[in-house]
Amino acid sequence: MTTTNDTQAPEERTEEDHIVELKGQLARAHADFINYRKDESRRALEMTERAGERVVGDLLEIIDSLEALIAHIPASVHEQYADWAKGIVLVKDQMRAVFTRHGVAEIATRDVAFDPALHEAIGTDSVPTAERDGIVTACLRMGYTMHGRVLRPAQVRVGSFLQQKETTEASS
């Protein structure tokens with residue numbers, strides 16, 4: 001019978017130490033494998049989301065085209081082909097509803113401060129007060145986010161109080 005006291009042979013103690021060491025290595029390898037599986041699962045989800053973002057980004061061009069078409073339908077067409085015109089609007093609205101269900105949201109552009117992370121400045125407009133300086137004045141192309149990430153920035157015009165002040169000084 002062996003006992004676990006200080007009188008044990010050095011070979012036995014070394015073997016027990018080796019077993020404890022191997023168990024520790026096994027526990028660490030198991031933890032590493034669990035972490036690896038979690039990391040791979042997260043990477044696969046990110047790849048799927050990125051692929052979805054690319055497809056949605058391409059489909060946004062169709063929404064842009066539908067909105068441009070709707071904005072330029074002549075009044076005579078609206079009157080003569082009212083159901084047809086309404087159908088185009090319904091298709092656009094249906095696409096927007098699908099996007100919303102999948103986490104796509106418009107970037108705010110009405111009376112908001114210019115944010116370079118969300119907006120792409122295409123130009124400036126003179127504004128009458130300093131309070132309107134740096135505020136979005138017009139949206140030229142809507143921007144969108146998907147699950148909090150920018151798919152494409154909104155193309156906007158930004159208010160500039162200084163530009164108006166310089167114009168006044170130049171004409172004096």
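Just so it is clear, the structure is predicted and the values come from calculations on it, not from any experiment.

**Q** Let's hear about the pattern of salt bridges: which residues, and what values?
**A** When their charged atoms lie close together, side chains carrying opposite charge are able to pair. Under the definition given, this model contains 11 salt bridges. As a salt-bridge pair, E67 and R96 come within 2.2 Å of each other at their nearest N and O atoms. With a gap of 29 residues between them, E67 in helix 1 (residues 10-71) and R96 in helix 3 (residues 82-101) connect regions that are remote in the sequence. Owing to a relative accessible area of 26%, E67 belongs among the partly exposed residues under this scheme. The buried category is assigned to R96, whose relative accessible area is 18%.

**Q** I'd like a description of a negative patch on the surface, backed by residues and values.
**A** Together, E15, E16, D17 and E21 line one region of the surface with negative charge. Residue position: D17 is located in helix 1.

**Q** Describe helix 3, and please don't skip the residues or the numbers.
**A** At 3.6 residues per turn, the α-helix brings residues three or four places apart onto the same side. Under the 1.5 Å per step criterion, the end-to-end length of helix 3 is 29 Å for 20 residues, consistent within 8% with the ideal 28 Å. Taken together, the buried positions of helix 3 are A85, I88, K92, M95, R96 and F99. One side of helix 3 carries all its buried residues, which in axial view fall inside an arc of 100°. Structural note: helix 3 exposes D83, K86, L90, Q94, T100 and R101 on the side pointing more than 90 degrees away from its buried face. G103 occupies a position one or two residues after helix 3 and carries a positive phi of about 85°.

**Q** With reference to specific residues and values, describe the nonpolar core.
**A** Within the largest apolar cluster, 13 residues are counted, with the highest numbers of intra-cluster contacts made by V56, L60, I63, M95, F99, V104 and Y144. For this core, the secondary-structure elements that each account for two or more residues are helix 1, helix 3 and strand 4 (144-146). Apart from the residues within four sequence positions on either side, Y144 is in contact with L60, I63, R96, V104, A105, E106, I107, R149, V150, L151 and R152. Grouped together as the second largest cluster of nonpolar side chains are five residues, I107, V136, A154 and V156 included.

**Q** Run through the pairing of strand 5 (residues 149-152), naming residues and quoting values.
**A** Direction of pairing for strand 4 relative to strand 5: antiparallel, over a ladder of three bridges. By the bridge assignment, T145 is partnered in strand 5 with V150. From the end of strand 4 to the start of strand 5, which pair antiparallel, there are two residues, and H147 there has a positive phi angle of about 55°.

**Q** If you had to explain the sheet that holds strand 4 to someone new, which residues and values would you point to?
**A** One open sheet holds the three strands; their spatial order is 1-4-5, and the pairing between them is antiparallel. Two strands in the sheet have a free side with no partner beyond their single neighbour: strand 1 (104-106) and strand 5. Adjacent strand axes in the sheet meet at a mean angle of 35°, parallel and antiparallel pairs treated alike. Of the strand pairs in this sheet, strand 1 and strand 4 are connected by three bridges, and their pairing is antiparallel. Note on strand 4: the bridge partner recorded for E106 is Y144.

**Q** Can you explain the sheet that holds strand 2 (residues 119-126)? Please cite residues and give values.
**A** Taken together, the three strands give an open sheet; going across it, the order is 2-6-3, and neighbouring strands pair in mixed fashion. Lying at the two open borders of the sheet, with one neighbouring strand each, are strand 2 and strand 3 (136-141). With strand direction ignored, the average angle separating the axes of adjacent strands in the sheet is 30°. Summarising the sheet, strand 2 and strand 6 (residues 154-160) pair through seven bridges and their orientation is parallel.

Parameters and conventions
- Residues numbered from 1 in each chain as written.
- Predicted model: local features only at pLDDT ≥ 70, side-chain atom pairs only at ≥ 80, totals over all residues.
- Heavy atoms only, no water.
- Salt bridge = Lys/Arg side-chain N within 4 Å of Asp/Glu carboxyl O.
- Helix = DSSP H or I, 4+ residues; strand = E, 2+ residues; numbered from the N terminus.
- Buried < 20%, exposed > 50% of the residue type's maximum accessible area, 1.4 Å probe, protein only.
- Patch = residues over 30% accessible without salt bridge, like charges linked within 9 Å, V, L, I, M, F, W, Y side chains within 5 Å.
- Areas by Shrake-Rupley, 256 points an atom, 1.4 Å probe, with all protein chains shown as cover.
- Lys, Arg positive; Asp, Glu negative; His and termini not counted.
- Charge placed at Lys NZ, Arg CZ, Asp CG, Glu CD.
- Expected span 1.5 Å × (residues − 1).
- Arc of directions from axis to C-beta.
- Core = buried A, V, L, I, M, F, W, Y, C linked by side-chain atoms within 4.5 Å.
- Contact = heavy atoms within 4.5 Å.
- Pairing = 2+ DSSP bridges.
- Axes fitted to C-alpha atoms, helices over the stretch in contact; angles between N-to-C directions.

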